[in-house]
Each structure stands twice: as structure tokens, then as C-alpha cells.
Amino acid sequence: MTQARERARIRWARWAAAALAALTAALALPGTAHAAEPEADGVVIVGVPGLAWSDLDPDATPNLWDLAGTGASAAMSVRTLGSWTCPEAGWLSLGAGERAGGVAPRDAQCEAQSALPSPGDTGDGWAVEDWDAFIDVNSAYNYGARLGSLADALAEAALAQETAAAEAEADGEPAPEPNPGSCVAGIGDGAALAAADTEGRITYWAPGLDSLPDAMAACDVVIVDPGVVIGDTADNAPDTSTDYDQLGEDDTEVGTDATSAADDPGEIEPETDPVRAGAAKAADTAIGQVREALPDSWRLIVAGVADAAAPGSLHPVLYSGPGIEPGGLTSRTTGRDGYIQLTDLTATALAVVGADIPATVAGAPVTVLADPDHTAAAAVARGSDETAASAANADVSPNFYWTLSFVGVAVMLLAAHLVVGPDRFRRTARTVCIAFSAVPVAGIAAGIPPWWRADHPKLAFWGLILAGAAVLTIAASLPWTRTGIRPVLVIAGAAAALIAVDQVSGATWPLHTPMGYTAQAGARFTGLGNYAFSVFAAAVILLVCFIPWRGRMRLWGPVALGVCSVVIVGAPMLGRDMGGTLTLVAAGILCCLKLWGKRLSLGAVLAAGAIAFGVFAVAGILDYLRPEEDQTHLGRFVGSVLDGTAAQILIRKASAAWGTVGQSMTWITLAAVIAAIIIWRKRAPIRTDAVAAAVVGLTAVAAIGGLVNDSGMSVPGFTAALGFGLLAVAVGPRRDTPATLETEPVATAPAATQ
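In what follows, the accompanying structure is described. (Residues numbered from 1 in each chain as written. Predicted model: local features only at pLDDT ≥ 70, side-chain atom pairs only at ≥ 80, totals over all residues. Heavy atoms only, no water.)

### Here we look at the overall build of the chain
At step 1: Along the chain, the regular secondary structure elements total 23 helices and 15 strands.
At step 2: Across the 754 residues that make up the chain, the buried fraction comes to 55%.
At step 3: Nonlocal contacts in the chain, meaning residues at least 24 apart in sequence, comprise 76% of its contacts between residues at least 6 apart.
At step 4: Split by element, the accessible area of the chain, about 30400 Å² in all, is 60% carbon and sulfur. (Helix = DSSP H or I, 4+ residues; strand = E, 2+ residues; numbered from the N terminus. Buried < 20%, exposed > 50% of the residue type's maximum accessible area, 1.4 Å probe, protein only. Contact = heavy atoms within 4.5 Å. Areas by Shrake-Rupley, 256 points an atom, 1.4 Å probe, with all protein chains shown as cover.)

### Some points on the sheet that holds strand E4 (residues 120-121)
At step 1: Pairing within the open sheet is antiparallel, and its three strands lie in the order E4-E5-E7. Sheet topology places E4 and strand E7 (201-202) at the edges, where each strand pairs with a single neighbour.
At step 2: Of the strand pairs in this sheet, strand E5 (residues 126-127) and E7 are connected by two bridges, and their pairing is antiparallel. Within E7, the residue paired with Trp126 across the bridge is Ile202. (Pairing = 2+ DSSP bridges.)

### Points about the state of the cysteines
At step 1: What the rule picks out here adds up to two disulfides.
At step 2: Between Cys183 and Cys219 runs a disulfide, and the two sulfur atoms are separated by 2.0 Å. Judged by the sign of its S-S torsion, about -105°, the cystine formed by Cys183 and Cys219 is left-handed. In this pair, Cys183 sits in the loop between helix H6 (149-170) and strand E6 (184-187) while Cys219 sits in the loop between helix H8 (212-218) and strand E9 (221-224), placing the two residues 36 residues apart along the sequence. Comparing Cys183 with Cys219 shows no difference in burial state: the two are buried.
At step 3: The structure places no disulfide on Cys545, whose sulfur is separated from the nearest cysteine sulfur, that of Cys591, by 3.3 Å.
At step 4: Between Cys592, a cysteine without a disulfide, and Cys591, which holds the nearest cysteine sulfur, the sulfur-to-sulfur distance is 5.4 Å. (Disulfide = S-S within 2.5 Å.)

### Examining the pairing of strand E12 (residues 314-320)
At step 1: By the criterion of burial, E12 is predominantly enclosed, with seven of the seven residues buried.
At step 2: Residues Leu314, Pro316, Leu318 and Ser320 point to one face of E12 and His315, Val317 and Tyr319 to the other, with burial holding for every one of them.
At step 3: Sheet topology places strand E2 (residues 72-77) next to E12; six bridges connect them, and they run antiparallel. Opposite Met76, over in E12, you have His315 as the bridge partner.
At step 4: Sheet topology places strand E11 (residues 298-303) next to E12; four bridges connect them, and they run antiparallel. Of the residues in E12, the one forming a bridge with Val302 is Leu318.

### What about the packing of aromatic side chains?
At step 1: Under the defined criterion, the tally for this structure stands at 12 aromatic pairs.
At step 2: Aromatic side chains Phe400 and Phe461 sit 5.8 Å apart centroid to centroid with 75° between the ring planes, which places their arrangement in the edge-to-face category. Placement of Phe400 in helix H11 (residues 376-420) and of Phe461 in helix H13 (residues 457-475) is noted, with a sequence separation of 61 residues between them. Each of the two residues, Phe400 as well as Phe461, counts as buried.
At step 3: You can call Phe461 buried: its relative accessible area is 0%.
At step 4: Three or more aromatic residues joined by ring pairs form one cluster here, namely Phe400, Tyr401, Trp451, Trp452, Phe461, Trp462, Tyr531 and Phe718. (Phe/Tyr/Trp six-rings, centres within 6.5 Å; stacked < 30°, edge-to-face > 60°.)

### Remarks on the packing of helix H22 (residues 689-708) against helix H23 (residues 714-731)
At step 1: Running from N to C, H22 and H23 cross one another at 170°; their axes reach a closest spacing of 9 Å. What the angle tells us is that H22 and H23 run roughly antiparallel. In contact with Val691, Ala694, Val695, Leu698, Val701, Ala702, Gly705 and Gly706 of H22, H23 contributes Val715, Pro716, Thr719, Gly723, Leu727 and Val731. (Axes fitted to C-alpha atoms, helices over the stretch in contact; angles between N-to-C directions. Parallel < 35°, antiparallel > 145°, perpendicular 65-115°, else oblique.)

### Some details on a negative patch on the surface
At step 1: A cluster of acidic residues, Glu129, Asp130, Asp132, Asp136 and Glu199, forms a negative patch at the surface.
At step 2: By secondary structure assignment, the location of Asp132 is in helix H5 (residues 131-139).
At step 3: With a relative accessible area of 57%, Asp132 lands in the exposed category. (Patch = residues over 30% accessible without salt bridge, like charges linked within 9 Å, V, L, I, M, F, W, Y side chains within 5 Å. Salt bridge = Lys/Arg side-chain N within 4 Å of Asp/Glu carboxyl O. Lys, Arg positive; Asp, Glu negative; His and termini not counted. Charge placed at Lys NZ, Arg CZ, Asp CG, Glu CD.)

### Focus on a nonpolar patch on the surface
At step 1: On the surface, Phe406, Leu413, Trp667, Leu670, Ile674 and Ile678 cluster together to form a nonpolar patch covering roughly 530 Å² of accessible area.
At step 2: Elements that contribute at least two residues to the nonpolar patch include exactly H11 and helix H21 (664-683).
At step 3: Broken down by element, the residue count for the nonpolar patch peaks at four residues, all from H21.
At step 4: Locating Phe406 in the fold gives a position in helix H11.

### Concerning the pairing of strand E13 (residues 327-330)
At step 1: Judged from the two bridges that link them, E2 and E13 form a sheet pairing that is parallel. Counted as the bridge partner of Ser73 is Gly328 from E13.
At step 2: Taken together, the four bridges between E13 and strand E15 (residues 367-370) define a ladder with antiparallel strand orientation. Residue pairing in the sheet places Gly328 in a bridge with Leu369 of E15.

### Overview of the nonpolar core
At step 1: Counting residues in each nonpolar core, the largest one holds 96 residues, and the members touching the most others are Met412, Ile491, Phe546 and Leu722.
At step 2: It is helix H15 (residues 530-546) that contributes the most residues to this core, 15 residues altogether.
At step 3: With residues up to four places along the chain from it excluded, the contact list for Ile491 reads Ile434, Ser437, Ala438, Val441, Leu472, Ala476, Leu722 and Leu726.
At step 4: If you look at the next biggest cluster of nonpolar residues, it comprises 49 residues, including Ala40, Ala72, Leu193 and Tyr319. (Core = buried A, V, L, I, M, F, W, Y, C linked by side-chain atoms within 4.5 Å.)

### Some points on unusual backbone geometry
At step 1: That bond from Ala310 to Pro311 is cis: its omega, -5°, falls within 30 degrees of zero.
At step 2: Tracing the chain through its elements places Pro311 in the loop between E11 and E12.
At step 3: At Cys110, a residue that is not glycine, the phi angle is positive and equals roughly 55°.

### Thoughts on helix H2 (residues 62-70)
At step 1: Turning to H2, its buried residues number three or more, namely Asn63, Leu64, Leu67, Ala68 and Gly69.
At step 2: Check the buried side of H2 and you find it contacts helix H9 (274-293), E11, E12 and H11.

### Thoughts on the pattern of salt bridges
At step 1: The tally for this structure, following the rule as stated, stands at six salt bridges.
At step 2: Where Asp55 meets Arg276, a salt bridge forms, and the shortest distance between an N and an O atom there is 2.9 Å. Of the two residues, Asp55 is situated in the loop between strand E1 (42-47) and H2 and Arg276 in helix H9; the sequence distance between them amounts to 221 residues. In this structure, Asp55 and Arg276 share a single accessibility class: buried.

### Regarding the side chain of Ser93
At step 1: Within the secondary structure, Ser93 is located in helix H3 (residues 87-96).
At step 2: Residue Ser93 is classed as buried on the basis of its relative accessible area of 1%.
At step 3: Every residue in contact with Ser93, bar those within four places of it in the chain, is listed here: Thr80, Glu98, Arg99, Ala100, Leu342 and Thr346.

### Examining the environment of Gly186
At step 1: Note that Gly186 resides in strand E6.
At step 2: A sequence separation of 30 residues divides Gly186 from Met216, and the C-alpha atoms of the two residues are 9.8 Å apart.
At step 3: Residues contacting Gly186, with those up to four places away along its chain left out, are Ala191, Ala195, Tyr204, Trp205, Ala206 and Ile223.

As C-alpha cells, then:
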């Protein structure tokens, strides 16, 4: 018997090693490579704060409309340090290539950060006044923005050219001609903030567009501020009070309610008024002047570099010039067609002129997605739809989270009643637990239809939630699915299958649902978000524990399901979830050990953690070894470890996680803990391996996920939302007479726990 067990352990070790090798190989599969863009002699970036897709009109703004049709375009997130970005912060972020904040207060209509002073004349150039104040303010944020990175990168390129020429001359070789234009010029007050170097100095600056030819003659990168902020009249925003962000406490996970609910500045009417129309026309006139002065060998980028007022929004970016075909845009930082980020403009400008992109620049050069059927009307329609979807998602998210949490508090107590309470209301409690567990699944499915296009988007969204929950509840209550653990398998199976299909098919559904991410937040555009991961992980744990595995499948079934799930979560072309990979591997190992009747000693827990970290490290290194344009944030994190900037990322994520304490999902988490204590005190110990394994797995997902992800309390909250009620249904009510415990617990309903 001992030899048989030893042989079984050896076989298990071999298969585990093979599974780990298959997993790491899957995580290392290469992504899609993009062709490099042709170079140009220079690039002009025209920034227009507040520019929206609705401002583009063939009659009112003919230059913008023409650029939308003849060039490449995308919707751009300008998110920096808060839920909306005022012009001062937008210009600074453009120059830094990283999220930066302004010195002036960030009020709801951006009045303070729109009144930008002109730079001072130092006699031998120009310099931004009180530049040290900008440095001091941003040093308190944990994004590590290095203001002036754009100008410094070009200065370093010029120095490298001079050094190469001197070395060639010393060796008696033909000396390459240095490019005197390796610098950044600024036109307008806002452009001065983006064109300044790390000392606040500007190589060339002028107040008006009349100096644009001289600016292009002096520098290869020219940033233009036409002096126009496109916004509505002041009385369209009811709240203009100052909103100071807590330093470093930004909500980095998409869909969070951290700033949307507590610091809601009030709704702003979307209707265009004469003030906005006049500003858009003035900006279009300035862009026309730039186009007339632009040489054929130069490129032009027109972008809405900031919001004009709260709430935040997506903004158009239009890219044209030699080598730019009509179509869409994307970047490595988004991984999704039609979307880029503000910091990508910094990297793009450097790439156009052939300068190296420093590590301090978080963005990546944009890639053109040529489309022979591209038209201005189609680009504007697509951009407007993307903006409306993102805004509608941000609008419904806070109510969804708070409703889910507050209703969840009652459901957690009902789940405890189902397990340990009297007979009265047990059937109702069971149905409510099933229905509530279906809500997060319905929230994910709600991203499939374009609900934001309805006349009343909020009603359409909640209608989808109720309909989805009702369909799943009915599916789990049919005569052949309502007994034993079958409802658990129906809901958990639907959740896992829905998310798996979405990831394999391109992760299109979560983009416009509170269970996924919203593009305007700029944290994640594709892959598996933390909220959906929590639901997916909880569903996988329940399936591993309660599928009635038979024979050898009791060993290999959970392993196969777990490996496939980790690939879905962590593969670069699928989930791309760094913290989720670590969490699911550790939780899955602990869950399987308990399911197989093993004792969870300290050594077993440490071994699970070591294996999880090993998978995480191997996947990260393999991702890091891929081409830079194909790396996910897992590979980029490895790069940050190597260049010494990982500490800032970890601090930022820890700050974001800590900031979720007290937010909506905190309360459902607390209620689940209280309900678990009630059940433990009245019905311990757990008598089946299946239930014990589910408890261990769900607890590990909630605890580890909450610690390693920047969503903090949201991870245990969504884990409880799906898993706690279903686990209570699987356990079932206390029996009046002693039950016979089975030695194969996963083959029977684990209701007989005491």
C-alpha cells in the first residue's frame, strides 16, 4: 500500500511539473507584432483641452473634419491623478510622459488650471515660472512623474549625436552631421509646460502661431496651445467647489467608485451651447493655420489633451502626415484598437524623430490600423459611441456597487439562516442566494448589448441586470437542475464559461460594464479586470470542489480545470492579470490539497505560495523577454524591478488598495465574515472535503487577491457576491437526524456536513 502511494505521488509530481511547463509555455506565447511607422522630419502636436467628438462637424469645424477623414484617429484617455483632468495637469503629463498633477486647485470647471501664465524670458531663453512648485507637488504623488522627460530625451539625443560626431572625427572617419533640431519648441502658454525640460527651461517659445515657422526651424517637435479650452458655459456645472486629491490615493482599477461617488462634482449638460461652438470654431481656425504652415515632410497630431470640466471623458486624437494611412490607432499601453492614452503622445513624438524613449515615459508609440473604408463620418460616429459608452458606464457604476453591497449584506445573513437557521423561510433564502449570486454574472453579460445607446441608459442597464439574474435563477430552478449541488454548478459554470469565452474572443464585453473597466479611467483596456477575476476565480473554485469527479478524474479533473483557468487569467493574449495569476495558482493548490484530503500544514501553505510565486516569476520573465511592443504589464513590471522603479508601482497599488477600505464592497465583505462566524459557531466542524476545500479556496482568493491587487476590498467583496451564497446552497440546511457521511464527498451533495 505504501509503495502504491509512493508511485501515485511520483506520478502526481510528474504531471504537476508537466502542467507547470505547459502553463509557462502558454504564458510565453508571442503576441501580434506591429510594423514600425515611417519616420518624418518633425511633428507638431496641437493640444485642445475639452475637444470632443461632438465638436467635429463638416461645416462648423472643416479642418478637424478633414483630418478625421484623411488621417488616423482614436479615442484617448487623458486620465492623470483624478477622475477628471484639467488643462494644467494635461500639459504637464504630455511633457512628462507620465501621469502628473497641476499646482492650481482642480475645481469642477477647471477654472484655476485653465488660467496658465506665460513663461518668463531669461535673456538666453525661456523658463516656466515657479517650476519648483510643479516638481514639489508631483514628488508627493506616487506615479513618479519626471516633468520635462520629453525635452530631456531630445536633449540626450542631441548630445549622443554630438558625441558620435566627435568620436568619428577623432578616428579619422566621416563625421555624421548632428541634427540641430533635437529639441522641443512651444507655442502658447499651455505648450510651455509640455515643452519645458526638467529644469523648467524651454529651448524655443512664442505666444502665437505667427511664430510657428520659426519654431519648426528651431526644433523637430513643436507643441502648440491655441489658447482655446472647449467647454460649456459656467452655469452648466452646479458644483464649482475646489476638489483637492489625496496625494497618491488615485483609483487605479477601472470601474471603481472611489472618486465617482464620494467626490461627484455634479452632472454637466451635454448639449452644445454658443460658447462651446465658438471655442470649437476658434480651435479649428488655429488648426487650419497650422496645416498651412506645415511642411509635407512633417506630421500633425491634434488631440484633446485634457477635460474642460468635470466629469472626465474620452477625447479625440487625429494623426496625419507622411506614412500615416487613414484608419484607426492603438498602442501597446491599451492593447485595444481605437484607444490610446495621453502619455502615448509623448512616446509617439520621440519615435517620429528617432529619439530613444526613456524609462520615465509610461506611454508607447501609437500604431496605425489602416482601413480603406475609413471616413470622417465613420470615425466621428465610432468615437462618439465609445465616449458615450464610457460615460454611461461611469454613471451607473457607483449605484451598481452600492446596491450590490447593501443587498449583499442581507443575502449574507440569509445564507447563514439557510445553513443554521430554523425551517421557516429556508426555501426563500435558498432562492434569494441563487438569484443574488447570478447578479455579478449578469453584470458581465450586460456588456454584450449596447445598452448605452438606449434613450434611458440607466433603465436599460438595470433591465439587463434583472433579466440576466432572472434567466440564470430560472435555469438553476428547473426540475432537473434545482436539487442538490446542481444550482451551484449552473451559476458557477455560467460565470466561468462566460468570462472564458469573452477572454478567448478578445475581451470585448467587460469594456462597458461595471464588472469590467471603463476606457476613460485609463488603467486597463483589455484582459481580465480585478472584479471579473474575482467572480471567475470564485466560480472555478466552486466547480473544482463540487463537480462530481469519478475515479482518476478526482485527481486530474481539478488539475486540468485549474491549469486552463490560470492560462485564461495570466496569458498575455488573454487575461493579462498579474495579481490574478498569483492569487489563482496559490488558491487552487490549497483548494486541491484540501479536496484530496490532505492536511494544510504550514509547509503546504508555504509550498503553495512558492509555486504561485514561481509561476508568476517565470511568466513575468518570459513576457519581459518578448519584444517591448508586445509586453503586457506583467513583463513591464519585471522591467520596473530591473530598473529600480517597482517600489513606486507597489506603493501606488498599496495606496489604491487601502483607499478602498470603507468603500461600497467593504460592507458585503464584512457581512460575509460575520455570517461565516455565525455558521462556524453553530455548525462546525465541516465534515466533507468538498465543502472544506471550497471554504479554503474562496477564502484564499478573497484574502490573497485583496492583498496583491490594487482593487483591495473589492476582490473579497465580489468573491463573496458570487461564492458565499452558492456555498451555502451547496452545504444546505442542518438535518434533523444524523446523516451518513460519504467517503466520496464530491460525488454527493455536500449538504451532510454535520
